[in-house]
Amino acid sequence: MSTRMQGQGDSSLKPGAVLQNRYSIIRVLGVGGMGSVYQARDLRFPNATKFVAVKEIINIADPSMREMVVRIFEREANTLASLDHPAIPKIYDYFNQGDRSFLVMEFIDGKDLETYVNDSSEMLNEEHVVEWAIELCDVLSYLHNHKTKDSQAEPIIFRDLKPSNLMLDQHGSIRLIDFGIARNYQAGQKGTMIGTEGYSPPEQYRGESSPAGDIYALGATLHHLLTKQDPRIEPPFSFSERPVRKANPNVSMELEAIINTALNYNPADRFPNAQAMKEALVALRRRSSGMLSRPLGTGRLDLGNLGKAGESTASPTTSASATPARAEVTPLWVFKCEDEVRGSPVVGNGLVFVGAYDNNLYAVTAADGKLLWKYATDGGLPGSPAIHQDIVYIGSEDRRLHAVSAKAGKLQWTYYADAPIRSSPRVAENHVFIGADDHYLHAVNTATGRKAWRFQANDAVRCRPAVTNDRLFFGCESGEFYAIDLRGERKWHFKAKRGITSSPLLANNTLYVGSLDGMVYALDASSGWTIWRFRTNKPILSSPAIDGNLLLIGSADNYLYAVDVRTGREAWKFQAEGQLNSSPAVGKGVVYIGSVDGSVYAIETANGKLRWRFKSGGPVTSSPTLANDIVYIGSFDHCLYALTA
Amino acid sequence: MVVVEFFKNLFRPKEPLAAPGVGSAVRPSDPDATVPLPDLGSRPSPDSLKSKLPPPSRSRFTVGTAQDVGMVRPHNEDVLLTFTGELNGLEPMPNLGLFIVADGMGGHSLGERASALAARSIAQVALQQILPSLLADPAGDVERPLLTEVMESAVAAANRTVVAGVPEGGTTLTSALIIGDQLVLCHVGDTRGYLITDNHFEQLTRDHSLVQRLKELGQITDDEAAVHPQRSVLYRAVGQGDGLEVDVISRRLTPGTLLLICSDGLWSLVPDTLLLEIIRQATSLQAACDAMVKAANDAGGPDNITVVIVQMPG
C-alpha cells in the first residue's frame, strides 16, 4: 500500500549510466524524497564484481543556495565517513555532478525490515526482535556519543529510524541505511498527503530532535515489527491505545513495558539514553533464556518507571473485582416482605411503594422503612407501581390493574385484562397505559377504571410504555416495537430479532430500548427509523437510563454498558459477577444497578469505576430508585433495602 | 383531521405531560421516566441567528452551495453533492437530505476521480437502501434500514470503489444524511461539518490530520497548526485499502439549525469567526456560500473551495 501520494518525477538514472567513469548503474534500489538510491558496480575492479550503493541527492535549491547546500553535504559525508560501527555501512566516496550530489557506500545484500515484516505471514519471533533491538540500541548509543576529531561531543541523531531504513544482512545482522543527509534540504510539502511519518516522536514536529527522539522511533519500530500495524496509517502517536500484547499476546509483558517506556510522549519519561534501553533488553534476554520453564509474563522487570508506562495502557473495561473505594455498605434500613421482590420500588409522598411475589403491594416510609399499609392482590407482582395524584397503580399476575390510594392503600378500582399483567403502568393524559400477557396494551381512564381502548400487539406486552403528548411507544415479546397515537392507532412499527421486554427511554425525540436479541436500538421517535444499534453479547432485559450523552444499560452478559448516544459506540463497560437484568438509575454522576450475583453496584458514570457494592442475600433483578440521595432496591432475599447513595 | 380533533378532545383537558410520579422528587429516579421534550411546537424567532437571513422554511430544507477552483490550482478536485426530498400531504414523509463534500488527492486527475467516485457511490448505496422505505406507507409493514449502518455501508462501498477504480488516489469525505430532524454524519479526513445555532458554532467533525493529533497532545498550538509545514498530512482517507475506520456522528437537529460542510480550502483560510460573521450579514444561504468562497479567494485561494449550508425547517 502506498502511503505517499505525491508522484515522483521519473528522473532516475538508467541502467548502464556510468558516473565518474567508475560507477556503472545496475538498478534503482529505492526512490526517496530527494533522489534515488542505486545499486552500481565499481569498474575499478575489473576482475571482481564489486557492488556499491550510490545515493543521489538532487539539488533543487536556487543557484545562490546551491553552493551552501553542497558544502553542508560534503561536511556530513565526511562525518559519516569517519563513523566506524558494524551496523553502519562504510562510506567509500562522494562527489557532485551537475545538479546532483552522490554518496558511494557499502552495498548491503539483504532485505529491509519493512519488506521482511510484510513478507512474513506470521508474527515475528520475540527473541529475534529483541536481538535486533539490542543491536539498534548499540548503534544508537554509538551515534549519540559521537565526538569530533578534537573530542568535542557531537551527537549524531539518526532522526528517521523505521523498518524500511533497517537492513537485515546476509549474516542476520541489522544495518542502518539511509542516513538523513537529504532530510535537511527537504522542500515544504504541497497539497494534501496521506500517511504520516509514523515513527517520529511528537516533539520532532516542533523541530526538536534529540537522542530521546531516536529512542521513540526505535520503540515505534519495535511496535510495528511485533504488531504488524503500520503506524503511518494509524492515528499518529496512538501506540499507547494499541498495546503490543493486544495485537500479539505472545509478546512478553516485559518487552511490552520496554516498548511503552520508549514511546512515552514526554522525552523525559523515556529511557534516559540508548544504553539504558539496551540494558533493559539484555536483562529481558537473560531472563527469558535462563528460565525457559517460566511462563511468559509472570516476572516483574525491575526497571524504575516501567510500571508507570504500563499503566498508561489500562483497558477502559473495569470489573467488579477492582477494589471499591467504599467497601462497607450498611443499609439505612431493611424492610422484609414475605416473598421475593422482583419489581422496582417507586417513591412519592414520603413513601416507598413496592410489589412482591407474596401478592402484596407495600407502602413503607421512605425515611425509616416502617410499614404504613399493605394491599393484597391475588397474584404475584413482578412489575413496578406508578404513582399519580395520590393513587398508586400496579399490575398483577391476577390479571388485574389495581388502583389504590397512596395514603391508606384503599382500593379505588380494578381493571381486568384477559391474561396476567407482568408489566408496569405509565400514567399520562388522564389514562393509565399498561401492557398484559393477553397481547394488548390497555388504555384505562384514571378516574373511572374503564377501558378507553386497547391496542393489539403481536405478543405479550411486558414493558412500561414511553409516552409523549401524542404518542405511545412499547415493545412486545415477539420483538415488535410500536408507536401508536393516543387513540390507539398505529403510526409505525419496528421489529427486533427477539423480544422487547426492556422499557423504552425517550430522550430528545429518540427512543432507546434493549432487546432479547442482545441489541440496544436508538430509534427516531417521529419516523421509526433506526439511528444506530449497539451489540451486547447476551439478551437485554434491562431498561436504559441516560446521563448527558451516555446511555446506560445492563445485559445478561454481565456487563453494564455506557454508550455514547451520538455515535452508538461504547464509552466504557463495567463487568459484574452476574447478569445485569435490573435497570440502572443515575444521580449525581453515579449509576446504580442490581445484579443476579446478588449485588447492588454504584459506578461512576464518568469512567465506569466502581464506587461501592452492596451484597444482598439473593439475586437482584429489581431496579433501583433514587430519591433524596437514597437508593431503594428490592432483592430475591425478600428484602427492600434503603442504601445511602 | 376531524377524527384527530375528536380524540384530542377525548383526552382533554390537555395538560403538560406528567411523569408517572408525584412530582419532581420522583422524576430523576424513575429509571424509565421520559425526559422532557423540546417544545416542538415553538418556532425560532426570525432573528434567532441574529442574522439577516430570512426565516427558515416551514416544511423543507433550505440549501445554499458554492464551489470554486480557487486562485492557484489548475483544476477542481472537490466534489459537492446534494439531494433533498419532501412529500407533504396525508401521511407526510420525513424530509430527506443527503449532502456530501469530498476533497480528492493524488495528483494528475486522480484526486478528482477519487472524490467523484466516492460521492456517487455513497449516494447510490444510501439512497437505494433508504428511498423504498421512505416512500412506503408508514403504517404498513415497512422494513427500515438502520441509518448509521446505511451510511457506514455506503462509505465502505465508496472506499472499495475508490480502491478498485483509482488505486493511487484518495479522498476525504464528509457525508450527511438527514431524515426528518435526525442527522447521521460520516466523516473521514479533513473536510469538516459544523452546526450553527443562534451564535453557537460547533465543529462536529474531527480532522484526521497529523496537526490535529499534535494539538490534542499539546505539542503545538492552534496558531502553530495553521502554519505547520505538515498541516496537510492526513492519516486517514477513503481509498487507502481495506478496513477504513469512519467517524459516525448522529445528532438531532433543532428547528432552524444550520449545517455547514466544507473542504479545507475554506476552513483553513477563513476563520470560524469570519464564517459566522458572513452568515450574520448574508441575506440568503446562497449569498453566504458565495461570500465564503470569495473570502477564501481573497485570502489567496490556494486550494479548491467547496461549501454547502443546509437550514432545518423552522
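Here is what the cut-offs are and how they apply
- Residues numbered from 1 in each chain as written.
- Chains lettered and ligands numbered in written order.
- Predicted model: local features only at pLDDT ≥ 70, side-chain atom pairs only at ≥ 80, totals over all residues.
- Heavy atoms only, no water.
- Helix = DSSP H or I, 4+ residues; strand = E, 2+ residues; numbered from the N terminus.
- Buried < 20%, exposed > 50% of the residue type's maximum accessible area, 1.4 Å probe, protein only.
- Areas by Shrake-Rupley, 256 points an atom, 1.4 Å probe, with all protein chains shown as cover.
- Core = buried A, V, L, I, M, F, W, Y, C linked by side-chain atoms within 4.5 Å.
- Contact = heavy atoms within 4.5 Å.
- Pairing = 2+ DSSP bridges.
- pLDDT = per-residue confidence, 0-100.
- Axes fitted to C-alpha atoms, helices over the stretch in contact; angles between N-to-C directions.
- Parallel < 35°, antiparallel > 145°, perpendicular 65-115°, else oblique.
- Left-handed = near helix turned anticlockwise from the far one by under 90°.
- Phe/Tyr/Trp six-rings, centres within 6.5 Å; stacked < 30°, edge-to-face > 60°.
- Lys NZ or Arg CZ within 6 Å of the ring centre and 35° of its normal.
- Salt bridge = Lys/Arg side-chain N within 4 Å of Asp/Glu carboxyl O.

### Things to note about the overall build of chain A
Next, step 1: Per the secondary structure count, chain A includes eight helices and 43 strands.
Next, step 2: Classification of the 645 residues of chain A by burial places 59% in the buried group.
Next, step 3: In the form shown here, chain A has an accessible surface area of approximately 25,800 Å², with 47% of it arising from carbon and sulfur atoms.

### Looking at the nonpolar core
Next, step 1: Membership of the largest hydrophobic core comes to 66 residues, with the highest contact counts inside it found for A:Leu161, A:Met277 and A:Leu281.
Next, step 2: At ten residues, helix 3 (residues 126-144) of chain A tops the list of elements feeding residues into this core.
Next, step 3: Those residues in contact with A:Leu161 that lie beyond four places of it in its chain are A:Leu136, A:Leu140, A:Leu166, A:Leu176, A:Tyr199, A:Asp214, A:Ala217, A:Leu218 and A:Thr221.
Next, step 4: The next biggest cluster of nonpolar side chains, apart from the first, holds 50 residues, and it includes A:Leu505, A:Ala507, B:Ala118 and B:Ile179.

### Focus on the pairing of strand 4 (residues 51-58) of chain A
Regular strands have side chains that alternate between both faces of the sheet.
Residues and elements named next belong to chain A.
Next, step 1: Taking burial as the measure, the eight residues of strand 4 include seven buried ones, the bulk of the element.
Next, step 2: With five bridges joining them, strand 3 (residues 36-42) and strand 4 adopt antiparallel strand pairing. Bridge pairing in strand 4 links Gln-39 to Ala-53.
Next, step 3: Inspection of the sheet shows strand 4 paired to strand 6 (residues 100-106) by seven bridges, in the antiparallel sense. For Val-52, the partnering residue across the bridge sits in strand 6 and is Glu-106.

### A look at the environment of A:Lys451
Residues and elements named next belong to chain A.
Next, step 1: Looking at where Lys-451 falls in the secondary structure, it is placed in strand 24 (residues 451-456).
Next, step 2: When the C-alpha positions of Lys-451 and His-431 are compared, they lie 9.2 Å apart, and in sequence the two are 20 residues distant.
Next, step 3: In this structure Lys-451 touches Tyr-415, Ala-443 and Val-444, once residues within four positions along its chain are discounted.

### Comments concerning the confidence of the model for chain B
Next, step 1: In the predicted model, chain B carries a mean pLDDT of 85, and the fraction of residues at 70 or more is 84%.
Next, step 2: For residues 1-47 of chain B, every residue scores under 50 in pLDDT, and the model assigns this stretch 83 contacts once sequence neighbours within four places are set aside.

### Quick notes on the confidence of the model for chain A
Detailed reading of predicted coordinates is not advised where the pLDDT is low.
Residues and elements named next belong to chain A.
Next, step 1: On average, residues of chain A carry a pLDDT of 87, and 89% of them reach 70 or more.
Next, step 2: Mean pLDDT across the elements of chain A bottoms out in helix 8 (residues 306-311) (38) and peaks in strand 34 (residues 550-554) (97).
Next, step 3: Taken together, the stretch residues 182-190 has pLDDT below 50 and engages in 20 contacts with residues farther than four places along the chain or on a different chain.
Next, step 4: Contacts for the low-pLDDT stretch residues 291-315, under 50 throughout, to residues beyond four places or in other chains number 32 contacts.

### Examining unusual backbone geometry
Residues and elements named next belong to chain A.
Next, step 1: The residue Lys-228 is not glycine, and still its phi comes out positive at about 60 degrees.
Next, step 2: Looking at where Lys-228 falls in the secondary structure, it is placed in the loop between helix 4 (211-227) and helix 5 (244-247).
Next, step 3: Judged by its relative accessible area of 30%, Lys-228 falls in the partly exposed class.
Next, step 4: In this structure, Asn-359 is a non-glycine residue whose phi angle is positive, near 80 degrees.
Next, step 5: With respect to the helices and strands, Asn-359 occurs in the loop between strand 14 (351-355) and strand 15 (360-365).
Next, step 6: Taking relative accessible area as the criterion, Asn-359 reaches 22% and is therefore assigned partly exposed.

### Description of the packing of helix 4 of chain A against helix 6 (residues 253-262) of chain A
All names here are of chain A.
Next, step 1: At a closest axis distance of 7 Å, the pairing of helix 4 and helix 6 adopts a crossing angle of 140 degrees. It follows from the interaxial angle that helix 4 and helix 6 lie oblique. Crossing of helix 4 over helix 6 shows left-handed handedness. On helix 6, the residues touching Ile-215, Tyr-216, Gly-219, Leu-222, His-223 and Leu-226 of helix 4 are Leu-255, Ile-259 and Ala-262.

### Structural notes on the packing of aromatic side chains
Centre distance and the angle of the planes are the two values used to describe a pair of aromatic rings.
Next, step 1: All chains considered together, the criterion is met by 25 aromatic pairs over all chains.
Next, step 2: Their ring planes at 65 degrees and their centres at 4.9 Å tell us that A:Phe614 and A:Tyr641 sit as a pair that is edge-to-face. One end of the pair, A:Phe614, is in strand 40 (residues 610-615); the other, A:Tyr641, is in strand 43 (residues 639-644), and 27 residues separate them in sequence. As far as burial versus exposure is concerned, A:Phe614 and A:Tyr641 are alike and both buried.
Next, step 3: Their ring planes at 45 degrees and their centres at 4.9 Å tell us that B:Tyr194 and B:Phe201 sit as a pair that is tilted. The two residues B:Tyr194 and B:Phe201 agree in class, both being buried.
Next, step 4: One aromatic cluster in this structure is built from A:Tyr23, A:Phe95 and A:Phe102.
Next, step 5: Above the face of the A:Phe45 ring, A:Lys50 is positioned so that its terminal group lies 5.7 Å from the ring centre.
Next, step 6: Its guanidinium or amino end placed over the ring of A:Tyr440, A:Arg454 lies 3.7 Å from that ring's centre, counting from NZ or CZ.

### Some words on the pattern of salt bridges
Residues and elements named next belong to chain A.
Next, step 1: All chains considered together, the criterion is met by 44 salt bridges over all chains.
Next, step 2: Among the ionic pairs, Asp-485 bridges to Arg-487, the shortest N-O distance being 3.0 Å.
Next, step 3: Overall, Asp-485 belongs to the buried group, its relative accessible area being 10%.
Next, step 4: Where salt bridges share partners, they join Glu-397, Arg-422, Asp-437 and Arg-462 into one cluster.

### Focus on the environment of A:Gly589
Residues and elements named next belong to chain A.
Next, step 1: Assignment of secondary structure puts Gly-589 in the loop between strand 37 (585-587) and strand 38 (590-594).
Next, step 2: Between the C-alpha atoms of Gly-589 and Thr-605, which are 16 residues apart in sequence, the distance is 5.4 Å.
Next, step 3: The contacts of Gly-589, once residues within four sequence positions are left out, are Ile-603, Glu-604 and Thr-605.

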